[in-house]
Structure formats: C-alpha cells, structure tokens
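Below, each chain spelled out in residue letters.
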Amino acid sequence: MDTKLGSLDACKPACSDMCSPANGTVSTIQGTVAPTVFNSPDATLGRHIARRLVQIGVTDVFSVPGDFNLTLLDHLIAEPGLNNVGCCNELNAGYAADGYARSRGVGACVVTFTVGGLSVLNAIAGAYSENLPVICIVGGPNSNDYGTNRILHHTIGLPDFSQELRCFQTVTCYQAVVNNLEDAHELIDTAISTALKECKPVYISVGCNLPAIPHPTFSREPVPFSLSPKISNKLGLEAAVEAAAEFLNKAVKPVLVGGPKLRVANASDAFVDLADASGYALAVMPSAKGLVPEYHPHFIGTYWGAVSTAFCSEIVESADAYLFAGPIFNDYSSVGYSLLLKKEKAIIVQPERVVIANGPAFGCVLMKDFLKALAKRIKHNPVSFENYHRIFVPDGHPLKSDPKEPLRVNVLFQHIQNMLSSETAVIAETGDSWFNCQKLKLPRGCGYEFQMQYGSIGWSVGATLGYAQAVPEKRVIACIGDGSFQVTAQDVSTMIRCGQNSIIFLINNGGYTIEVEIHDGPYNVIKNWNYTALVDAIHHGEGKCWTTKVRCEEELIQAIETATGAKKDCLCFIEVIVHKDDTSKELLEWGSRVSNANSRPPNPQ
C-alpha cells in the first residue's frame, strides 16, 4: 500500500542543493510497502517506529545501547533502509541527529532511560533552539512497573519515573510515553507529525517490554494521511502586503536582511525572489549564513553590527527602511545589544507574523506567502546596492608568510577558502571559528552550519558526524577549537567506523579563546593534548584515517594537498598549531561588547 506522512514543506534544510530530495523539502517517502499480516514478525511497535522513520526520510538513527532500549534497537535495525549508527555517548548521538536534521530536514536518536535521556538532553535543547525536528526515542521501563512503588536502576532512586519526562517537557514540543499498545500507534504518529509541523524536537519513551509484541494496529500499513498545510489568512496577507509595499516603495534606500528563521519558514527561495524583484542590497544575519546564496548579484555580506562584513553595516544601518525576514535578535547576534537599528524603519517578518515599524501587526500570515506576494508589489529600487558598490573596497590578503614562519589563523582560512566547492560543506564550532568561517565566501551548493543561538561548545564533533552521514556525497570541512574538541572528541571513532572522509581542522591555541575575549582568567587555559596521537589511538589501524600536525604555511599546503589528493577517501585530521593570542579582529570587538553587556550593573531597585 502506498504510504505517506504528508506535505512537510515547513522544515526546509539550509541549502536545497545538498538535500534529499533535491528540491530541499522534507517530502515523505512515497514508497510501496508490502502489507504486513497480524502476528507476523513485522506487525510490532518496534517495526512501526522503524517504518515511520524511513517514511519521513530518516535512513540513519544515532544510538547508544542500554538495557531498556535493546529490544527496540533489534527492531529498528531489522527494518530495510534504516541504518543504526552507534555513538560513543548520548550527547554526541544528539548532536549527530542535530547535524543530520540540518541536511535531511529531520533526524533521530535512540538512548536508554534517564541516564541516557538526561545525557542527550543538552543536545535536544540545542536542536529546540535551532528549530530542528529531532525525534528523541528513549527505551523506558517495563510497562508493568508504572504505578508501583518499585525503585529501578538508571533512576534517582525514587519510585516516580517522571523525572526524565519533566526535563524533556521544556525542550521538546511534544512528549509521548508509550506504556501500552492500545494507543501506541496514535502516540507515535502524533509525535512524529508534531515534530515535522513545528520543526522542533519531540520525546518518545517506549516501554522496554513492548517493541517486540504484535498488535492489530500494526497489522497493515495505515491508511495514508497527510499533515494539513498551514494557510495564511487571506485578508491578513493582503493587508500586510499592501502596508509593506507602501512602506518600502516610499523609501529611498531600503535593504533586505535574511535571518535564521528562513529555514523553519521554508522561505529562502521566496526571499531570493523578493531580492530579485526589488533590486535592494541583500545581507544576512550571521546565523542565516548558508540560507541565502552568496553569489546573488546584490549580496553584500553578513550584517552583524560592529563585526559585520566590511561596508555591510554601514549600508544596512544608514538605510531608511529595512526588511528583516526571520531574525533572532539576541545578545550575541546584536553584539551585546549594540545594533544601530530603529524600530520605526523596520519590517519584521517572522514565520507566521508581520510587524511594520511601530505598527500595524498582522498575524496568521506565513512568511513564504508574504514574501512571494510582496515581490509582485514592490518597485525596483537598486539605490542601496549602488551605494554599497560605490564605497566598496575589495578585501585585502593576509601578509605573505616568511619561510617557516609560525602559521597565522588568517592564512589558514585563506587556504580553507580555496577548498570550498559545491561538493563541500563547512561546520563551524562555537568560538573564533564563528568569525573566521563567517568570512568565507560560499560557492553555489556549498553547505554551511553552525549553532549560534545555543552556542554549546563541542557541538561540531557530533554535528559533523551526523551531517556527513546525511550527505555522503559532500565532503565536510569542520573547523574546531581545541577546547571544544576536548568536550566531545570520542565520536571521531564513529566517523572512522562509518567510513566518512571529513576534513577536521583542529585549531590548537591552548584554551577557550572566545571566553578569553569576553572575560579572561586562568580557567580559560586547558591541558594541551597530543591531538594527532589521540586520533591515531582511536584509529588503531581500523578504517581509513590520516593525521598530521602543521606549524607553518608550507606544512599546511602539503597537508591540504594530501587530504584532497592521496587521502581523499580518508577521515583527515589536521592539527593546526597557532599562537594563543591569534584571533580574528571581529572576535576582539565582539568579545568586548558582549563583556560589557554581561557586566551591566543591576537596575536600581
């Protein structure tokens, strides 16, 4: 019977060139599955979960086994088309599902009760903050133990088993506790559907004694159903477009700025259409890098206040009107609340709401619909881009290195820039890599991801694993600081086991550099590791892995030639040793402003 889980346009990955399917939407697998018969080995809860994951496009699930989820894992790995990726710890399994969801549009992880659930919780919180549908499945207690006074292992020693559930309630959009088979079908389908509609994680706990039991509700493929698409209020949409067009058409030098919620609104293409129609200068907020094509003729770079791309902030902040599509204004993106923007000049377009200057506001208006309709009503006005073009001065180049001179970070990223193509993707770890990677110019089809809202150090190791597993046709280039790597280093092991060929640049500068620039102290200095020797020990002669240390530009050039040539099929780990004070100028500026925001005295009581 043909099965489908709906029209899931809401969760569009960052770059349609690298998605599966090719149009970038998370459409469901419209496959024909042979009907299963009740009491057959396939008519079980475990196989139903597995089939649903495959139907929505999940072909890899990231897991850590524990006694409460072992039977469930048996049924997941029995499903054709579903691959189990065993991770070294639950935190990395969650980060991997996060990275996977950024490319595929949805990801999944499986852990055990409480000790696994609370370990993965930090990663799920990050996915929630970044609007990523991650399905977190936990193997729970035996269904007979609910409502008793029994104390179980893997708990805090109380007969109340709801601690884990209560923790997940604040970082997921739906929670399902499956401890009987009568409503399991409904709970599972509702949870998955909610994740896809809301583009947020969900929590599913499955009693450890249930996955292998056949039940009539799983006896055949369910009647096809689809998720009802969200629809704009027609009158509200027309009014919002009319008001916005009037506001922008009377402006002299308006600009467009894309924000991170373009992803959840599936509105990147509509935003580009508006840029084409309007002729305005086009910028992105830092967390929207990769959502808007940087090869667009009117693209002027990243708007990040005082640490913007050269000449970008001057054009944006001097505009007499600006339209922000899907922005998030937090202390990091606003550089310590120092943006020089005025509300009366702004149109703020959120996924389902439009606010024009100090009013009016229009609810139940979908961003994609609004941008498409506005493109038809806007007057072509290239003044802001012409102003940018008039003042623009091309980027300089780093000073040429002397022979065997210690490697500088700006030289490193000049060479990383030359590695980028439609067949690569960049993962930028929290830290100075945020700022250095932000300056990379992404060619058509090149992916880019980082975690700005949550900013959890160590995220990139698991995210690199998950992203590379989702799009094996791309080579992931990960830029990771030494402090972040020490948090989650173990799952380099899983990358090797999965045969991935990512290139990891481990930037060894001896500490938490981003924290140093916010507030320095002895706690920001870390114990130095022999990172290449560590990865060699993890490799242990099994799988394909190549490591090297570089201290100067000559060694870096040789390392990149090897990684992209003779070792192109290997996981390549390049430890780059740089001076502890070698940071981007943007981090120096940003750090001082964020420090100032953090140190504001209490308001008078």
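The structure presented is a predicted model; accordingly, all values stated were derived computationally and were not measured.

Colleague: Help me out: how do you make sense of the overall build of the protein in this one?
Modeller: Secondary structure assignment for the protein yields 20 helices and 19 strands. On C-alpha atoms alone, the protein measures out to a radius of gyration of 25 Å, which is about the 25 Å that the 2.2 N^0.38 rule sets for 605 residues. For the protein, with 605 residues in total, the buried portion stands at 58%. Residue pairs at least 24 apart in sequence account for 77% of intrachain contacts in the protein once pairs closer than 6 positions are excluded. Here the protein displays about 23,900 Å² of accessible surface, and carbon together with sulfur accounts for 54% of that area. Placing the 48 positive and 60 negative side-chain charges of the protein at their respective mean positions leaves the two points 5 Å apart.

Colleague: What is the right way to read the packing of helix α3 (residues 90–104) against helix α14 (residues 459–470) from this model?
Modeller: For any two helices packed against each other, one specifies the inter-axial angle together with the distance between the axes. Between α3 and α14, whose axes approach to 6 Å, the crossing angle comes to 45 degrees. It follows from the interaxial angle that α3 and α14 lie oblique. The handedness of the crossing between α3 and α14 comes out as right-handed. Along the contact surface, α3 presents Asn92, Tyr95, Ala96, Asp98, Gly99, Tyr100, Arg102, Ser103 and Arg104, while α14 presents Trp459, Gly462, Ala463, Leu465, Gly466, Tyr467, Gln469 and Ala470. Among the residues forming the contact of α3 with α14, the class breakdown is eight nonpolar, six polar and three charged.

Colleague: Where do I start with the pairing of strand β12 (residues 353–356) in this structure?
Modeller: The side chains of a regular strand alternate, residue by residue, between the two faces of the sheet. Here β12 shows a clear split, with Val354 and Ile356 buried on one side and none of Arg353 and Val355 buried on the other. Pairing between strand β11 (residues 346–350) and β12: four bridges, direction antiparallel. Paired with Ile347 across the two strands is Ile356, which belongs to β12. Following β11, the chain reverses through two residues before pairing antiparallel with β12.

Colleague: What exactly am I supposed to notice about the side chain of Asn89 here?
Modeller: Checked against the element boundaries, Asn89 lands in the loop between β2 (83–86) and α3. One polar contact links the side chain of Asn89 to the main-chain amide nitrogen of Asn92, over a distance of 2.8 Å. Excluding residues within four positions of it along the chain, Asn89 makes contact with Val64, Gln490 and Asp491.

Colleague: I tried to follow the UniProt feature "domain: Thiamine pyrophosphate enzyme TPP-binding" (unreviewed entry) in the protein on my own but got confused; where do I start?
Modeller: What UniProt calls "domain: Thiamine pyrophosphate enzyme TPP-binding" (unreviewed entry) maps, in this numbering, to residues 451–576. Strand forms 20% of residues 451–576 and helix 41%; the C-alpha atoms that close the span are 22 Å apart.

Colleague: Can you walk me through the packing of helix α1 (residues 45–55) against helix α2 (residues 70–77) in this structure?
Modeller: Put simply, α1 and α2 touch, their axes get as near as 8 Å, and they point 50 degrees apart. Regarding the angle of α1 to α2, the classification is oblique. In this structure, the crossing between α1 and α2 has a hand that is right-handed. For the pair α1 and α2, contact is made by Gly46, Arg47, Ile49 and Ala50 and by Leu72, His75 and Leu76, respectively.

Colleague: Explain the pattern of salt bridges to me, please; I cannot follow it from the model alone.
Modeller: Enumeration according to the criterion identifies 17 salt bridges in this entry. A salt bridge links Arg52 to Asp189, with the shortest nitrogen-to-oxygen separation between them at 2.9 Å. Of this pair, Arg52 sits in helix α1 while Asp189 is found in helix α6 (residues 184–198), placing the two residues 137 residues apart along the sequence. As far as the burial class goes, Arg52 and Asp189 line up, both buried. For Arg166, the salt bridge identified is with Asp160, shortest N-O distance 3.4 Å. Here the residues in one salt-bridge network are Asp98, Arg102, Glu130, Arg263 and Glu449, joined through shared partners.

Colleague: Whenever I open this one, the packing of aromatic side chains confuses me. Can you help?
Modeller: Each pair of aromatic rings is reported with the distance of its centres and the angle of its planes. According to the stated counting rule, one finds 20 aromatic pairs in the structure shown. With a centroid separation of 5.4 Å and an interplanar angle of 45 degrees, the aromatic rings of Phe485 and Phe573 are classed as tilted. Of this pair, Phe485 sits in helix α15 (residues 482–488) while Phe573 sits in strand β19 (residues 571–577), placing them 88 residues apart in sequence. The class for Phe485 is buried, based on a relative accessible area of 0%. Ring pairs connect the aromatic residues Trp304, Tyr332, Trp434, Phe435, Tyr448, Phe450 and Trp590, which therefore count as one cluster. Lying across the ring of Tyr128, Lys200 places its NZ or CZ 4.0 Å from the centre. The lysine or arginine in question, Arg444, covers the ring of Tyr295, its NZ or CZ lying 4.0 Å from the ring centre.

Colleague: For this particular structure, what's the right way to read the UniProt feature "binding site: Mg(2+)" (unreviewed entry) in the protein?
Modeller: Under the local residue numbering, the UniProt record ascribes the feature "binding site: Mg(2+)" (unreviewed entry) to Asp482, Asn509 and Gly511. Spanning 30 residues, the named residues nonetheless gather at one spot, since no C-alpha pair among them exceeds 7.0 Å. Topologically, Asp482 is positioned in helix α15. Apart from the residues within four sequence positions on either side, Asp482 is in contact with Leu506, Ile507, Asn508, Asn509, Gly510, Gly511, Ile526 and Tyr531. With respect to the helices and strands, Gly511 occurs in the loop between β17 (503–508) and α17 (513–518). A residue is classified by how much of its surface remains accessible, and Gly511, at 10% relative accessible area, is buried.

Each value, and the rule that gives it
Residues numbered from 1 in each chain as written. Predicted model: local features only at pLDDT ≥ 70, side-chain atom pairs only at ≥ 80, totals over all residues. Heavy atoms only, no water. Helix = DSSP H or I, 4+ residues; strand = E, 2+ residues; numbered from the N terminus. Rg over C-alpha atoms; globule rule 2.2 N^0.38 Å. Buried < 20%, exposed > 50% of the residue type's maximum accessible area, 1.4 Å probe, protein only. Contact = heavy atoms within 4.5 Å. Areas by Shrake-Rupley, 256 points an atom, 1.4 Å probe, with all protein chains shown as cover. Lys, Arg positive; Asp, Glu negative; His and termini not counted. Charge placed at Lys NZ, Arg CZ, Asp CG, Glu CD. Axes fitted to C-alpha atoms, helices over the stretch in contact; angles between N-to-C directions. Parallel < 35°, antiparallel > 145°, perpendicular 65-115°, else oblique. Left-handed = near helix turned anticlockwise from the far one by under 90°. Nonpolar A, V, L, I, M, F, W, Y, C, P; charged D, E, K, R; others polar. Pairing = 2+ DSSP bridges. Polar contact = N/O pair within 3.5 Å; in protein donor to acceptor, adjacent residues only side chain to side chain. UniProt positions renumbered as here; feature names shortened; annotations may be inferred. Salt bridge = Lys/Arg side-chain N within 4 Å of Asp/Glu carboxyl O. Phe/Tyr/Trp six-rings, centres within 6.5 Å; stacked < 30°, edge-to-face > 60°. Lys NZ or Arg CZ within 6 Å of the ring centre and 35° of its normal.

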